[in-house]
Amino acid sequence: MTGDAPVRQRFAVPRTLGGRMRAPALGLLIALTGVLAACSAKPDDAARRPAVYVLAGTQGQPSALLTLSADGGKTLSRTALRQAGASVMALGDDGRLWVGGRSVSGLPLTSITVLDPALGTQTRVTTPANPGAGLALAGGKLYVAASQNGFGGAVAEIDPATLATRTLEIPAPTGKSYILTALAAAGDKVVVAGMTQGPDPAKRYAAVTVLDARTLTIAWRSEVLANADIWQILPHQGGFVLLNAASAEEPRAPAMGGWLLNAEQRLSALPIEPAAVWGAVAGDVLYSYHNAAWNALSGSRARAVSTYNFTTGQRRTTALPDGMDARDLLLAGDRLLLSVRSNGDDQPSGVYALKLNAGQLNDRAPAPVLVAQVDGPGKLLWRPAPAAAPAR
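Residues numbered from 1 in each chain as written. Predicted model: local features only at pLDDT ≥ 70, side-chain atom pairs only at ≥ 80, totals over all residues. Heavy atoms only, no water.

Q: Kindly report on the overall build of the protein chain, identifying the contributing residues and their values.
A: Within the protein chain one finds 1 helix and 31 strands. Looking at the 392 residues of the protein chain, the share that counts as buried comes to 46%. Across the protein chain, contacts joining residues at least 24 apart in sequence account for 46% of those joining residues at least 6 apart. (Helix = DSSP H or I, 4+ residues; strand = E, 2+ residues; numbered from the N terminus. Buried < 20%, exposed > 50% of the residue type's maximum accessible area, 1.4 Å probe, protein only. Contact = heavy atoms within 4.5 Å.)

Below, the structure is given as structure tokens:
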């Protein structure tokens, strides 16, 4: 941990009335008491409700954390972040929020930030350089993917209680470049993916690395995958879903939008719509956002969201407005939320909501609705209501 003293930020707390009061009428006293009780209850009530966290801030501007209501329609708070280039976050069971970031203006970042809403503090924790590729909590540890200088990455394991850290360097699979882009963790496995190089300079390549979380060692590495670009990995039933943003470039038909990585470290094609970038899993259903132009030279403006049922194989796809560039997708109750950055057309930056019907996309669903206008929205995260305290 760095030697910086934690920054304590004041969260909005209602002020009590001070000063001298003349003896008011009984009715006025009761009214004032009711107002004060209501005001003092608001922060507690808000903290007990589900909410949505949104990272915000564009290049060269300070990063911020916005807390929205569960439907995304009301901004509950805005917190300035110490974490420059904030790009990923993870929420602990204790309510603390961990935030990592990518390089800003070419300057490497060497720490992440942990926010403690209960204390109103932000504390920096030292990590390998550029810890903005992914964060995940599993087995009582926090795992951080750092892209470093692009010629090999690193994964840091942090004990949330003590902030003790150990690090594993991950060399490039081809001896050339390896820029980490995604991380997920579940059980005794940590899975990372990153961009690398292959024989055809016109193609995109990626490689997957599986770590044994018990020993923090490399357990398995994939071959270099052609027409591959993985920006999100999702745990699912003992394995992992890897979404492939470059799958639309695969010349063989039909193009598959991702892979399933099973417990035996075997990759199998996932028959979802191509160019899957962001996603979420709930039960047997995978929700995905698709954009063939993501991290590519493609001029395609087609965008879509889809569902895929792992059990039945049923797929459903809904087209989005052309050029709707989402930086994340979140399942929030009966809605899909998208963090969208303006493309210069009629789409202001902000959080958009798409209504679901019993967890499924509507065939005739209207376009997503802007529910919160946010400058430079990025990652989204669901904050569940805290578990009730055990009865004494």
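Q: Residue-level account of the sheet that holds strand S20 (residues 258-261), with values.
A: Strand order in the open sheet formed by 4 strands is S18-S19-S20-S21, and the pairing between neighbours is antiparallel. Of all the strands in the sheet, the pair left with one neighbour each is strand S18 (232-236) and strand S21 (267-270). The mean angle between the axes of side-by-side strands here comes to 25°, regardless of whether they run parallel or antiparallel. Judged from the 4 bridges that link them, strand S19 (residues 239-243) and S20 form a sheet pairing that is antiparallel. Counted as the bridge partner of Val241 is Leu260 from S20. (Pairing = 2+ DSSP bridges. Axes fitted to C-alpha atoms, helices over the stretch in contact; angles between N-to-C directions.)

Q: Go over the sheet that holds strand S4 (residues 75-80) with me, naming the residues and quoting the values.
A: If you trace the 4 strands from one edge of the open sheet to the other, you get S4-S3-S2-S31, paired in antiparallel fashion. Looking at strand neighbours, the two that pair on one side only are S4 and strand S31 (377-383), the edges of this open sheet. Pairs of neighbouring strands in the sheet enclose a mean axial angle of 20°, with direction left out of account. Looking at chain direction, strand S3 (residues 64-69) and S4 are connected through 5 bridges and run antiparallel. Across the sheet, the residue bridging to Leu66 is Arg78, located in S4.

Q: Account for the pairing of strand S5 (residues 86-91), naming residues and giving values.
A: The sheet contact formed by S5 and strand S6 (residues 97-101) spans 5 bridges and is antiparallel. When the sheet's bridge partners are listed, Leu91 is paired in S6 with Leu97. Remark: 5 residues form the turn of the hairpin made by S5 and S6, two consecutive strands paired antiparallel; Gly95 in that turn has positive phi of roughly 90°.

Q: So what's going on with the packing of aromatic side chains? Which residues, and what values?
A: Counting across every chain of the model gives 3 aromatic pairs. Taking 5.6 Å as the distance between ring centres and 90° as the angle between the ring planes, the aromatic pair formed by Trp231 and Trp294 counts as edge-to-face. A residue pair is termed long-range when its members are at least 10 positions apart, and Trp231 in the loop between strand S17 (225-226) and S18 and Trp294 in the loop between strand S23 (285-291) and strand S24 (303-309) qualify at 63 residues. Here Trp231 falls in the buried class, since its relative accessible area comes to 16%. Both rings, one in Trp278 and one in Trp294, keep their centres 5.3 Å apart while their planes meet at 70°; by these two values the pair is edge-to-face. A residue pair is termed long-range when its members are at least 10 positions apart, and Trp278 in strand S22 (residues 276-282) and Trp294 in the loop between S23 and S24 qualify at 16 residues. (Phe/Tyr/Trp six-rings, centres within 6.5 Å; stacked < 30°, edge-to-face > 60°.)

Q: Which residues make up the environment of Pro199, and what are the values?
A: As for its placement among the helices and strands, Pro199 is situated in the loop between strand S14 (189-196) and strand S15 (205-212). Sequence separation of Pro199 and Ala226 is 27 residues, and the distance between their C-alpha atoms is 9.3 Å.

Q: Let's hear about the pattern of salt bridges: which residues, and what values?
A: With the rule as written, the count across this model stands at 12 salt bridges. One salt bridge connects Glu273 with Arg315, and the closest N-O pair in it is separated by 4.0 Å. With a gap of 42 residues between them, Glu273 in the loop between S21 and S22 and Arg315 in strand S25 (residues 315-320) connect regions that are remote in the sequence. The partner of Asp334 in a salt bridge is Lys355, with the nearest N and O atoms 2.4 Å apart. Of this pair, Asp334 sits in the loop between strand S26 (325-332) and strand S27 (335-341) while Lys355 is found in strand S28 (residues 350-357), placing the two residues 21 residues apart along the sequence. Residues participating in the shared-partner salt-bridge network are Asp188, Lys189, Asp212 and Arg214. (Salt bridge = Lys/Arg side-chain N within 4 Å of Asp/Glu carboxyl O.)

Q: Tell me about the side chain of Ser111, residues and numbers included.
A: Within the secondary structure, Ser111 sits in strand S7 (residues 111-116). Among all residues touching Ser111, those that are not within four sequence positions of it are Gln83, Arg124, Val125, Thr126, Thr127 and Pro131.

That is the geometry; function is a separate question.
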